[in-house]
2 protein chains.
Amino acid sequence: MKYIESKKNDEIKQLKKLALTKNIRKTGTYVVEGFHLVREADQYEQEFVKLLVTEKYTEDRLVKKYHDIAVSISEDVAKELSETKTPQGIFAVLKVNNTDKISAINGKWVMLDDVQDPGNVGTIIRTADAAGYDGVITSLDTADFYQPKVQRSMQGSQFHLPIYRMNINDAITLAKESDLTIYGSEVNDQAKPYNELAKKDKFALIMGNEAHGVSQDVLNQADENIYIPILGQAESLNVAVAAGVLMYGLQTL
Amino acid sequence: MKYIESKKNDEIKQLKKLALTKNIRKTGTYVVEGFHLVREADQYEQEFVKLLVTEKYTEDRLVKKYHDIAVSISEDVAKELSETKTPQGIFAVLKVNNTDKISAINGKWVMLDDVQDPGNVGTIIRTADAAGYDGVITSLDTADFYQPKVQRSMQGSQFHLPIYRMNINDAITLAKESDLTIYGSEVNDQAKPYNELAKKDKFALIMGNEAHGVSQDVLNQADENIYIPILGQAESLNVAVAAGVLMYGLQTL
């Protein structure tokens, strides 16, 4: 097994660049970190490009399975690649799933209209997974779900449900073609309280940007705009919390 | 008005130390940042110890009101004090409210059993504020709500509802003395689904540590342990999202 000791190694420098969307999209590869995620990537039959491990993992069953593409790295290199302060010392480079094209959607979907914070994007996708939604569509200006910071808060949900990235108007068209009800969400007590909606089996719930909410153009295309009643004195909710309240709220009507 | 230009000034060094709980508790003071929070602190009649502003705020009405304790600072000092990349340039040093002692609680409360992440703690308090809860109690090992990172995600909710910090067992005793139903939350499908509970007007909802959940000792003292059904393949929810789902879920039963 090849060994890389220096964090200045060219291969490591290239991998560091996969923190940026443009490099993820250019190379068609992204990095997952930690034993749990790497094992899930294997279980869910993702395409492995490379596996990088520190000494304590070199005898692991997983590493033996991928020995042709496995690379041994120093603790120093692990620290350089890691998003955490105390890296576990296992990283996989995976092929991006070719999920930018889709011809139809059905059931319950969440759509993100320019959500900026990677932690929020990952947390919303993880919640959609927990709440039994059928998939997530992110707009082109939403934080890319292959970014390391999104991966970290998503905790492997990309292996459990389909996630697409496309123009938000195309996503709405797709939903309307399958007769999904479009729910825009807003911080506006003129909208409809979510807990007064009729239960539906087919809908798309659209969550918006942290500062500006769902864009007016998108709200105009919605069948119903909904809100979470503010019962105290806070001005608004964190978007990932609001998404959780609405996703479970619509499931338990 | 006094002017501080260098970030190496002793007064600025002392203020930087207020990022740490031990120094907040020792001095009985903490820092809020940004015009919105400083204005809210004034509106909610908090005790100001100092107000630090860059040039653009020196003629502001608020600064004139506090001119006796106002200090002009350079952009360099503002950057040093700030939690953000682009500081607004206004900071207030406030007295910690003497809220460690309380003789009775009533209504709907949230209790945090060793929640570690400052962002989660702030977000949960903000959500409790939005969802119309009567107050929040944090255990002694929960991230201190006067920390700058908690302040940032809490967005001023400390001015809207009471927040106490005490031993979690004392908090449970206090709740039981006022006949509040104690709900422990867990990731365990043997517990009761939250949406099947009877509606109550008086309860304490306990949320737990990110890694270990609510401690077993605390769960043993609960009247009912509840969970959020996982309908998909995620293993768990982010604790701030789970708190939001439960807080609103219990309000809309």
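Given the structure is predicted, the values throughout are model-derived calculations rather than measurements. (Residues numbered from 1 in each chain as written. Chains lettered and ligands numbered in written order. Predicted model: local features only at pLDDT ≥ 70, side-chain atom pairs only at ≥ 80, totals over all residues. Heavy atoms only, no water.)

(A) The sheet that holds strand S9 (residues 181–185) of chain A, seen in detail. Residues and elements named next belong to chain A. Across the sheet, which stays open at both edges, the seven strands sit in the order S8-S7-S6-S11-S9-S12-S10 with parallel pairing between neighbours. Here the strands that pair on one side only, and so sit at the sheet edges, are strand S8 (163–165) and strand S10 (192–193). Inspection of the sheet shows strand S6 (residues 108–113) paired to strand S7 (residues 135–138) by four bridges, in the parallel sense. The partner of Trp 109 across the bridge, within S7, is Gly 135. Docked against the sheet, helix H8 (residues 168–177) engages S6, S7, S9 and strand S11 (203–208), running at close to 160° with respect to S6. Sheet strands in contact with helix H10 (residues 239–251) are S6, S9, S11 and strand S12 (224–227), and its direction is about 165° off that of S11. (Pairing = 2+ DSSP bridges. Helix = DSSP H or I, 4+ residues; strand = E, 2+ residues; numbered from the N terminus. Contact = heavy atoms within 4.5 Å. Axes fitted to C-alpha atoms, helices over the stretch in contact; angles between N-to-C directions.)

(B) Geometry of the pairing of S11 of chain A. All names here are of chain A. Judged by how many residues are buried, S11 sits mostly within the fold: six of six residues are covered. What you see with S11 is no split at all: Phe 203, Leu 205 and Met 207 on one side and Ala 204, Ile 206 and Gly 208 on the other are buried throughout. One ladder, built from six bridges, connects S6 with S11; its direction is parallel. In the sheet register, Asp 113 faces S11, and the bridge partner there is Gly 208. (Buried < 20%, exposed > 50% of the residue type's maximum accessible area, 1.4 Å probe, protein only.)

(C) Local environment of a negative patch on the surface. All names here are of chain A. A contiguous patch of negative charge, built from Glu 5, Glu 55, Glu 75 and Asp 76, is present on the exposed surface. Relative to the assigned elements, Asp 76 resides in helix H5 (residues 75–81). Taking the relative accessible area as the measure of exposure, Asp 76 reaches 43% and is therefore partly exposed. (Patch = residues over 30% accessible without salt bridge, like charges linked within 9 Å, V, L, I, M, F, W, Y side chains within 5 Å. Areas by Shrake-Rupley, 256 points an atom, 1.4 Å probe, with all protein chains shown as cover. Salt bridge = Lys/Arg side-chain N within 4 Å of Asp/Glu carboxyl O. Lys, Arg positive; Asp, Glu negative; His and termini not counted. Charge placed at Lys NZ, Arg CZ, Asp CG, Glu CD.)

(D) Looking closely at the layout of surface pockets. Looking at the second largest pocket, its volume works out to about 220 Å³. Lining the second largest pocket we find 15 residues, and of these Gly 249 and Thr 252 of chain A together with Gly 249, Thr 252 and Leu 253 of chain B sit closest to its centre. Within the residue set of the lining of the second largest pocket, elements represented by two or more residues are H10 of chain A together with helix H10 (239–251) of chain B. In terms of residue count, the dominant contributor to the lining of the second largest pocket is H10 of chain A (four residues). Of the residues that constitute the lining of the second largest pocket, the class distribution is eight nonpolar, seven polar and no charged. (1 Å grid on protein atoms, 1.4 Å probe; cavity = no way out; pocket = protein on both sides within 12 Å on 5 of 7 lines; lining within 4 Å. Points joined across faces, edges and corners; volume = space filled by probe spheres on them. Nonpolar A, V, L, I, M, F, W, Y, C, P; charged D, E, K, R; others polar.)

(E) Highlighting the pattern of salt bridges. Taken as a whole and assessed by the stated rule, the structure comprises 16 salt bridges over all chains. Across the pair Lys 95 of chain B and Glu 47 of chain B runs a salt bridge whose closest N-O atoms are separated by 3.2 Å. Of the two residues, Lys 95 of chain B sits in strand S5 (residues 90–95) while Glu 47 of chain B sits in the loop between helix H3 (35–43) and strand S3 (48–53), which places them 48 residues apart along the sequence. Among the residues examined, Glu 47 of chain B registers a relative accessible area of 48% and is labelled partly exposed. The closest approach of N and O atoms between Lys 64 of chain B and Glu 59 of chain B, which form a salt bridge, is 3.3 Å. Classification of Lys 64 of chain B as partly exposed rests on a relative accessible area of 46%. Accessibility expressed as a relative area gives 60% for Glu 59 of chain B, which makes it exposed. One connected set of salt bridges, linked through shared partners, spans Lys 2, Glu 11 and Lys 50 of chain A.

(F) Up close: the domain arrangement of chain A. Residue and element names in this part refer to chain A. For chain A, the assigned domains read domain 1 (2–95) and domain 2 (108–251). Measuring from the centre of the C-alpha atoms in domain 1 to the corresponding centre in domain 2 gives 31 Å. With 16 residues of domain 1 at the interface, the matching set in domain 2 holds 14 residues. Here domain 1 meets domain 2 over a buried area of about 1,400 Å², counting both sides, of which 59% is carbon and sulfur. When the buried area of domain 1 at its contact with domain 2 is split by residue, Arg 25, Tyr 30 and Glu 83 rank highest and sum to 38% of it. Linking domain 1 to domain 2 there are two salt bridges. The residue Glu 83 makes a salt bridge to Lys 149 at a minimum N-O spacing of 3.6 Å. (Domains from an automatic or database assignment. Buried area = accessible area lost by both parts, 1.4 Å probe.)

(G) Representation of the nonpolar core. Grouped together as the largest cluster of nonpolar side chains are 113 residues, with contacts concentrated most on Leu 51, Leu 205 and Met 247 of chain A together with Leu 51, Leu 205 and Met 247 of chain B. With residues up to four places along the chain from it excluded, the contact list for Leu 205 of chain A reads Trp 109, Val 110, Met 111, Tyr 183, Ile 226, Leu 246, Met 247 and Leu 250 of chain A. (Core = buried A, V, L, I, M, F, W, Y, C linked by side-chain atoms within 4.5 Å.)

(H) Examining the packing of helix H6 (residues 118–130) of chain B against H10 of chain B more closely. Residues and elements named next belong to chain B. The contact between H6 and H10 brings their axes to 9 Å, and the two run at 15°. Judged on the interaxial angle alone, H10 and H6 are roughly parallel. The crossing of H6 and H10 is right-handed. Together, Asn 120, Thr 123, Ile 124, Thr 127, Ala 128 and Ala 130 of H6 and Val 239, Ala 240, Ala 243, Gly 244, Met 247 and Tyr 248 of H10 make up the contact between the two elements. (Parallel < 35°, antiparallel > 145°, perpendicular 65-115°, else oblique. Left-handed = near helix turned anticlockwise from the far one by under 90°.)

(I) Spotlight on the interface of chain B and chain A. Across the boundary between the two partners, chain B contributes 32 residues, which contact 32 residues of chain A. Interface of chain B and chain A: buried area, both sides summed, is about 2,400 Å²; carbon and sulfur atoms make up 58% of it. Of all residues in chain B, Arg 126, Gln 233 and Tyr 248 of chain B give up the largest surface area on contact with chain A, accounting jointly for 23% of the area buried on that side. On inspection of chain B and its partner chain A, the count reaches zero salt bridges. Counting the contacts that link chain B with chain A gives 20 residue pairs in polar contact (both at pLDDT 80 or more). For the side of chain B that touches chain A, the elements supplying multiple residues, two or more each, are H3, H6 and H10 of chain B. Counting residues per element, the side of chain B that touches chain A draws most heavily on H10 of chain B, at six residues. Taken together, the residues of the side of chain B that touches chain A sort by class into 14 nonpolar, 14 polar and four charged. (Polar contact = N/O pair within 3.5 Å; in protein donor to acceptor, adjacent residues only side chain to side chain.)

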